[in-house]
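# Coordinate analysis (summary)
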Amino acid sequence: AWITRANAGFDFKLPVTGMHSFDGGYGAAGSSYSKFPKINNFIEQNAKLGYIYKGPMGLSGRLSDTFLFTRDPAFSEQTGERQQRWQNGIDAALNYSPEGGRLVFGVTGNHTAHKYTGSDQAPLLNRYEQMVGAKAGYKIQPKTTVWLGYRRGIVHYTADGRNAANTASIISGDKNNKSHYFEGIV
């Protein structure tokens, strides 16, 4: 199928003081398919809002919320049909990078909820994702830092669909996914 995609939106940054600022935006993207347009055509929407802190002695942080209304790709790894869903994610980060110092540190965390709508499979697909982590770095040049980090993640499927009697034969074993990430960044 030929796919035509049109995007529109805006971003903003609002400095309040030298230490505090806000940013955010809204976007919409329409997808038009030449084959099966009734099933495939869709308008995706997203909105974001963030707070940024740049404090004294190299302390900085960010808190943001992102909302997305979308549809999964056809025949994805989760389902053979296009499933509508919304997701809402909250992210937080705190970094310490002292002026003139070589060592830098940071911690991050996020929580994302995925909620499927209008589907019999929604109870099976609804989930929460959480990830927390820490990183440490060494400045080899004023604007170049080598980082090592660790993040721990979990995907938790909601209990309402997982405990239903009609899904017991479909799902067995641990219903959550736990992961460890080690990373190095230059």
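As a starting point, this report considers the structure included with it. If you're wondering where the values come from, they're calculated on a predicted model, not measured in any experiment.

## Considerations on unusual backbone geometry
- In this model, M57 sits at a positive phi of 60°, which is unusual for a non-glycine residue.
- By the element assignment, M57 lies in the loop between β3 (42-54) and β4 (59-71).
- In this structure M57 comes out as exposed when scored by relative accessible area, which is 68%.

## Looking at the side chain of Q87
- Note on placement: Q87 falls in strand β5 (residues 84-96).
- Within the local environment of Q87, its side chain forms a polar contact with the side chain of R85, the two groups lying 2.4 Å apart.
- Other than its neighbours up to four places away in sequence, Q87 contacts T66, F67, L68, T112, A113 and H114.

## So, the pairing of strand β8 (residues 144-157)
- As paired elements, strand β7 (residues 127-141) and β8 share 14 bridges and run antiparallel to each other. Bridge pairing in β8 places M131 opposite G153.
- Summarising the sheet, β8 and strand β9 (residues 176-185) pair through ten bridges and their orientation is antiparallel. Across the sheet, G149 pairs through a bridge with E183, a residue of β9.

## Re the packing of aromatic side chains
- Under the definition given, this model contains five aromatic pairs.
- Measuring from ring centre to ring centre gives 6.5 Å for F10 and Y26, while their planes differ by 40°; the resulting arrangement is tilted. Here F10 is found in strand β1 (residues 3-15), whereas its partner Y26 is found in strand β2 (residues 20-33), with 16 residues between them in sequence.
- According to the relative accessible area criterion, Y26 is partly exposed, its value standing at 32%.
- Between F42 and F69, the ring centres sit 5.6 Å apart and the planes meet at 45°, which makes this aromatic pair tilted. With a gap of 27 residues between them, F42 in strand β3 and F69 in strand β4 connect regions that are remote in the sequence.
- The ring of W147 carries K135 above its face, with NZ or CZ at 4.3 Å from the centroid.
- Here R151 stacks its cationic end above the ring of Y181, 5.0 Å away from the centre of that ring.

## Regarding the pairing of β2
- As judged from the 13 bridges shared by β1 and β2, these two strands associate in the antiparallel manner. Following the sheet pairing, N7 is matched in β2 by A29.
- Following β1, the chain reverses through four residues before pairing antiparallel with β2.
- Relative to β3, β2 runs antiparallel, the two sharing twelve bridges. Bridge pairing in β3 places S21 opposite I52.

## Details of the pattern of salt bridges
- Applying the stated criterion to the full structure yields five salt bridges.
- The salt bridge partner of R5 is E44, with a shortest N-O separation of 3.8 Å. One end of the pair, R5, is in strand β1; the other, E44, is in strand β3, and 39 residues separate them in sequence.
- Between E183 and R151 there is a salt bridge, and its shortest N-O distance comes to 3.4 Å. Of this pair, E183 sits in strand β9 while R151 sits in strand β8; the two residues are 32 residues apart in sequence, bridging distant segments of the chain.
- Using a relative accessible area of 27% as the deciding quantity, one classes E183 as partly exposed.
- Residue R151 is classed as partly exposed on the basis of its relative accessible area, which comes to 26%.

Procedures and definitions
- Residues numbered from 1 in each chain as written.
- Predicted model: local features only at pLDDT ≥ 70, side-chain atom pairs only at ≥ 80, totals over all residues.
- Heavy atoms only, no water.
- Helix = DSSP H or I, 4+ residues; strand = E, 2+ residues; numbered from the N terminus.
- Buried < 20%, exposed > 50% of the residue type's maximum accessible area, 1.4 Å probe, protein only.
- Polar contact = N/O pair within 3.5 Å; in protein donor to acceptor, adjacent residues only side chain to side chain.
- Contact = heavy atoms within 4.5 Å.
- Pairing = 2+ DSSP bridges.
- Phe/Tyr/Trp six-rings, centres within 6.5 Å; stacked < 30°, edge-to-face > 60°.
- Lys NZ or Arg CZ within 6 Å of the ring centre and 35° of its normal.
- Salt bridge = Lys/Arg side-chain N within 4 Å of Asp/Glu carboxyl O.

Spatial relationships are all this shows, so hold off on functional conclusions.
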